[in-house]
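# Observations on the three-dimensional arrangement
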Amino acid sequence: MTGLFSEVFLSALLFGAVTAAIPLLLAGLGEQMSEKAGVLNIGIEGMMLAGAYLGFVGAFYSGSLWLGFLTGAAGGVAVALVMALLCVRIGLNQIVIGIALTLGLEGLTALLHHFQFSRSYPRLPAAEVTVIPLLSDIPVIGPALFKQHLIVYLAVALVFGMGYVYRRTQLGLNLQAAGDKPAALDVAGIDVVRTRTVAVLTTGALAGLGGAYLANVGAGLFIPFITNGAGFLGIVLAMLARGRPIWVLFGALLFGVCLSLTTAMQVAGINIPTDIIQMLPFLAVMIMLVLFGRRASLPAALGIPYERGAR
Amino acid sequence: MSSFSSSSAAGRDIVALEGVTKRFPGIVANDSIDLAIRPGEVHVLLGENGAGKSTLIGMLSGLQQPDEGRIVVDGKPTPITSPRHALALGIGTVFQHMMLVPTLTVAENLLLGGPWWQRPRTEELAARVAEITSTLGITIKLHAKVSELSLGEQQQVEILRAMVRNSRLLILDESTSMLTPKGIDELGALMRRLVEQGLAIVFITHKLKEAAAFGDRISVLKLGRKVGEIPPERFRALGEQEIISEIVELMFGQQKDDPEAVERPVRTVHAEAAPLLRVADLAVAPTDNAPGLSSISFDIRPGEILGIAGIDGNGQKQLAEALAGQRATTSGSVRLDGAAIETLSVGERRQRGLRYLTDDRLGEGTVGTFPVSINFFLKQVGAAPFWRNGVEQRAEIDKRSAQLVREYDVRTPSLKTPVARLSGGNIQKVLLARELAEGAKVVIFNKPTYGLDLANTLASRQRIRDTAARGLAVLLISTDLEELLSMCDRIAVIANGALVGIVDNADDARTKVGRLMIGLAA
Ligand SMILES: Nc1ncnc2c1ncn2[C@@H]1O[C@H](COP(=O)(O)OP(=O)(O)O)[C@@H](O)[C@H]1O
Ligand SMILES: [Mg+2]
């Protein structure tokens, strides 16, 4: 059993945890923004899939990972545009449209991938990592946390950036008002529909980026249904985080650890049926919901389309 | 944002409404209204609930667009397209319903609306607020969360917000409802100072005393129509009492060519007959959101209609609910046909023949998603013959429902139609059919024609008269004085949860009731 505590094992576990956490983090941050503004974004899974597929295609044909992130984010925004149009502008039911978008994109990306690559799954070259000097020399933690792709550091920086926006800027006030009392925002002279649209499109960009990371960095390839519920985990994270980005980060890391245990245990050569190990993340979701579900506090107008002057 | 600019020279309208009409499904909320709003004037808008005051304000604030007519700003016809536009025109509104974000602080709420890329300018705001609050004589906790403030404090914040914005037209829609008497006086003094600086103010209130004390000009709305105006010259010439009686005349006076006017048939109520309902010294404790009741006493004899008049929100609903058993009483007795029922449950009172038609037809009266047929028997769920051993007897229910639909002329596509799909008038008929069914002795109607169109209003009134003619005792609660005058044998007036007088419905009843309603002796 020494394998469990070897440096290699722990390092691989942590590295994997971070890799698994980043898409959840981006999805959670995105969902948080929509929810803050009063839009329950169930379509986020679909946005991630669009991002994963377009991100992979972009990177595959251009040979540039960064271009892939860009096309991935654009894919997420494209889906978000549909969501914003139907749910924010026209005011259709957010849950119904969200589910429809997710199911639609599952089918669409699988189909497109099949047309393009038939049954082959071409791989991208391994992503380049940015080594942070000194910090990366720390045993165990160093190689796991400080030898990551640049986008990982950017995603973590985003946590603090968004915290700043929410607490210190006029935009943050607008978003919160749009979710808690949209009529008050409207009579203060700020367009509620526009504010919510901005939030939903931002969600699309973040979810698309998360999907692209998942495909291009996490897996190095695209396979249909690759997100495998990451978007839904993002929704759980956003709901438990009480509007604070930092809690999304903690939650994403926790889930990341659970997800990476699967791989890490195989690396360490431990003999536990994989079926059991693969249940871990879902067990973690349930435990988290039981433990923290009560602290979820959602905006008062979440899920309710805004119509001026209606009552 | 504009400040009190020189263009608004005294005497010229800042804003004028010309023939403005606004319709909502089934109702004309504003019916070609003309209104002039001038700098240097407090323009009081009076009218009962549902008169259309807030709708008018909604159009001035850019929340809604008129269906007909136009709004003229500074002499130019100007459609006010959005709240932002209204703010840019210098129109600041304190809405009737709270418009603060409860999860933000007071300061953050006041800052809402600034350019999104900026950091909130907290210091600037604090200085501005300090300046205003010192003249206002109030203290504002800038860093408290709005949800932690009392309703009165929230209202102060909203008034402050309109002032921070430098509006040149300030609209206050029932902004005194949550203020203390002292706060109201201060607000009145403040409005006076502001109009002296050249602002225009539109002040909406229910309270006639406030109107007479603070106003320069008064317009009275009634059921969407403007029924009268007292201009400043006249206002100054009259004393407070004269103004109030003139307003009463406008608000409650007989309208010419009123289609609802019906000759009241002379009914013979047997004065010697024993009362069917006898209420003595009934009292209910006040709650956070409802006034209490005190010393309510009256009798109703068989075949008699007793009206309850009063400005809405003075305890009418509490009275109806206390009698029906839905609200706990603290003292007093209720006797139905001689037997005390004040300790009985809602169901037992119904069983004994006490029936209550709520004014909340869809919320409390019916289950909107249930079919019409089931709604007829909601209060008999589980009881024979419509339910046997817990099983619904479809055939029995349908047979009786079809009968009731015919008898009460309910216009419904089918018996299975969810009741919420029917019009207000037909929902009312379903309620009538249910409550007037077997065994009714005393029937309480709460605002039975509120929100109905003319045809249904007349039909409902006829149904109520027929009920009395059958020898039942009727308690008719209404805020429509015409309705009471056309139907009742006697009219009691409720104010602040107490019956302040009972008047025989004779020729002078109109003025007597009107005076009682606003707190003057009959
Ligand atoms: N958005 C709306 N939709 C439908 N009906 C409305 C709406 N707003 C107001 N009404 C109706 O218009 C009438 C006037 O309402 P309102 O202007 O709020 O009256 P007031 O402020 O004088 O009490 C009422 O009968 C109300 O039910
Ligand atoms: Mg109103």
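The shown structure was predicted, so the numbers you read here are calculated from the model rather than taken from an experiment.

## Quick word on the coordination of the magnesium ion (ligand 2)
Residue and element names in this part refer to chain B.
- Of the protein atoms, only Ser54 (OG) and Gln96 (OE1) coordinate the magnesium ion (ligand 2), at distances of 2.0 to 2.1 Å. With serine 54 in helix H1 (residues 53-60) and glutamine 96 in the loop between strand S6 (91-94) and helix H3 (106-111), this residue pair connects regions lying 42 residues apart in the sequence.
- With relative accessibility at 31%, the residue glutamine 96 sits in the partly exposed group.

## Brief notes about the sheet that holds strand S10 (residues 225-230) of chain B
Residues and elements named next belong to chain B.
- Ordered by their spatial adjacency, 6 strands build an open sheet running S6-S7-S8-S3-S9-S10, and the pairing between neighbours is mixed. In this open sheet, the two strands that pair with only one neighbour each are S6 and S10. Strand after strand, the sheet turns through a mean of 15° between neighbouring axes, direction not considered.
- Relative to S10, strand S9 (residues 217-222) runs antiparallel, the two being bridged by 5 bridges. Bridging from a neighbouring strand, valine 220 pairs with glycine 228 of S10.
- Packing of helix H5 (residues 151-164) onto the sheet brings it into contact with S6 and strand S7 (169-173), and relative to S6 it is tilted by some 180°.
- Lying over the sheet, helix H6 (residues 181-196) contacts strand S3 (42-46), S7 and strand S8 (200-205), oriented at roughly 155° with respect to S8.

## A short note on the pairing of strand S19 (residues 442-446) of chain B
Residue and element names in this part refer to chain B.
- For S19, the buried fraction is high: 5 of the 5 residues fall into the buried class.
- Side chains Val442, Ile444 and Asn446 of S19 all project onto a buried face; the interleaved residues Val443 and Phe445 project onto the opposite face, where all are buried too.
- Alignment of S19 against strand S20 (residues 473-477), held across 5 bridges, turns out to be parallel. Across the sheet, residue asparagine 446 finds its bridge partner in S20, namely isoleucine 477.
- In this region the chain leaves S19, passes through helix H16 (residues 454-469) and returns to the parallel neighbour S20; the handedness of that crossover is right-handed.

## Brief notes about the side chain of Gln154(B)
- By the secondary structure assignment, Gln154(B) is in helix H5.
- Once residues within four sequence positions are removed from consideration, Gln154(B) is found in contact with Met98(B), Leu100(B), Val146(B) and Leu149(B).

## Concerning the interface of chain B and chain A
- Contacts between chain B and chain A engage 27 residues on the former and 21 residues on the latter.
- Taking both partners together, chain B and chain A bury about 2,100 Å²; carbon and sulfur atoms supply 62% of that area.
- The largest contributions to the chain B side of the interface with chain A come from Met99(B), Leu112(B) and Trp116(B), which together make up 22% of the buried area.
- Counting across the interface, chain B meets chain A through 0 salt bridges.
- For the pair chain B and chain A, the number of links is 7 residue pairs in polar contact (both at pLDDT 80 or more).

## A look at a nonpolar patch on the surface
- Together, Met279(A), Leu283(A), Met286(A), Ile287(A), Leu291(A) and Phe292(A) make up a nonpolar patch on the protein surface, roughly 600 Å² of accessible area in all.
- For Leu283(A), a relative accessible area of 40% gives the class partly exposed.

## What to know about the domain arrangement of chain B
All names here are of chain B.
- If you check the domain split of chain B, you get domain 1 (2-96 + 167-252), domain 2 (273-353 + 439-522) and domain 3 (363-436).
- Here domain 1 and domain 2 have C-alpha centroids that lie 33 Å from each other.
- Facing the 10 residues of domain 1 at the interface are 11 residues of domain 2.
- Across the contact surface, domain 1 and domain 2 share 0 salt bridges.
- For the pair domain 1 and domain 2, the interface holds 0 residue pairs in polar contact (both at pLDDT 80 or more).
- Ranked by residues supplied to the side of domain 1 that touches domain 2, first place goes to helix H9 (residues 240-252) with 4 residues.

## Things to note about helix H4 (residues 122-136) of chain B
Residue and element names in this part refer to chain B.
- Across its 15 residues, H4 extends 20 Å between first and last C-alpha, which sits within 8% of the 21 Å expected from 1.5 Å per residue.
- Inspection of H4 places Leu125, Val129, Ile132, Thr133 and Leu136 among the buried residues, and these make up the whole buried set. For H4, the buried positions fall inside an angular range of 100° around the axis, keeping them on one side. Within H4, the exposed residues directed more than 90 degrees away from the buried face are Glu123, Glu124, Glu131 and Ser134.
- In the core, the buried residues of H4 are packed alongside H3, H5 and H6.
- Immediately beyond the C-terminal end of H4, within one or two residues, lies glycine 137, with a positive phi of roughly 75°.

## Examining the environment of Pro245(A)
Residues and elements named next belong to chain A.
- The residue proline 245 is located in helix H11 (residues 245-267) in this model.
- With 136 residues separating them along the chain, proline 245 and threonine 109 place their C-alpha atoms 30 Å apart.
- Non-local contacts of proline 245, meaning those with residues more than four positions away in its chain, are made with Leu29, Gln32, Val159, Met162, Gly163 and Tyr166.

## Comments concerning the confidence of the model for chain B
Residue and element names in this part refer to chain B.
- Averaged over all residues, the pLDDT of chain B is 85; the fraction at 70 or higher stands at 92%.
- No element of chain B has a lower mean pLDDT than helix H12 (residues 361-365), which averages 78, and none a higher one than strand S4 (residues 68-73), which averages 95.
- Low pLDDT, under 50, characterises residues 1-10; the stretch is placed with 21 contacts to residues that sit more than four places away or in other chains.

## Observations regarding the sheet that holds S4(B)
All names here are of chain B.
- Taken in spatial order, the 4 strands make up an open sheet running S2-S1-S4-S5, and their pairing is antiparallel. Looking at strand neighbours, the two that pair on one side only are strand S2 (27-37) and strand S5 (76-77), the edges of this open sheet.
- Here 7 bridges tie strand S1 (residues 15-24) to S2, and the two strands are oriented antiparallel to one another. The partner of arginine 23 across the bridge, within S2, is valine 28.

Rules used throughout
- All residue numbers refer to positions counted from 1 along the written sequence of the respective chain.
- Key to labels: chains lettered from A, ligands numbered from 1, both in the order written.
- Side-chain atom pairs in this predicted model are given and counted only at pLDDT of 80 or more, local residue features only at pLDDT of at least 70, and totals for whole chains, interfaces and linings cover all residues.
- Hydrogen atoms and water are omitted, and side-chain values are computed over all heavy atoms in the structure.
- Only nitrogen, oxygen and sulfur atoms within 2.8 Å of the metal, or 3.2 Å for Na, K and Ca, are treated as donors, and water is left out, so sites may look incomplete.
- Helix and strand labels come from DSSP, where a helix needs a run of H or I of at least four residues and a strand needs a run of E of at least two; each type is numbered from the N terminus.
- Accessible area is worked out with a 1.4 Å probe on protein chains only. A residue is then buried under 20% of its type maximum, exposed over 50%, and partly exposed in between.
- Pairing between strands is defined by DSSP: at least two bridges between them are needed.
- To get an axis, a line is fitted to the C-alpha atoms, and for a helix only the part in contact is used. The angle between two axes follows their N-to-C directions and goes from 0 to 180 degrees.
- By definition in these notes, contact holds between two residues if any of their heavy atoms fall within 4.5 Å.
- Looking down the strands as they point away from the viewer, one classifies a crossover as right-handed if the path from the first strand across the helix to the second runs clockwise.
- Here's the idea: put two parts together, see how much 1.4 Å probe accessible area each one loses, and the total over both is what we call buried area.
- Salt bridges are identified by distance alone: a Lys or Arg side-chain nitrogen within 4 Å of an Asp or Glu carboxyl oxygen.
- Under the rule applied, a polar contact is a pair of N or O atoms within 3.5 Å (in protein, one hydrogen donor and one hydrogen acceptor; residues adjacent in sequence only if both atoms are side-chain atoms).
- Nonpolar side chains (Val, Leu, Ile, Met, Phe, Trp, Tyr) within 5 Å and like charges within 9 Å form the patches, drawn only from residues with over 30% relative accessible area and no salt bridge.
- Using a 1.4 Å probe, the Shrake-Rupley method yields the accessible areas, and only the shown protein chains count as cover for residues.
- These domain boundaries are the output of an automatic or database domain assignment.
- Here the expected length of a helix is defined as 1.5 Å per residue gap, with one fewer gap than residues.
- Arc definition: directions from the helix axis to the C-beta atoms.
- For every residue, the predictor states its confidence as a pLDDT score lying anywhere from 0 to 100.

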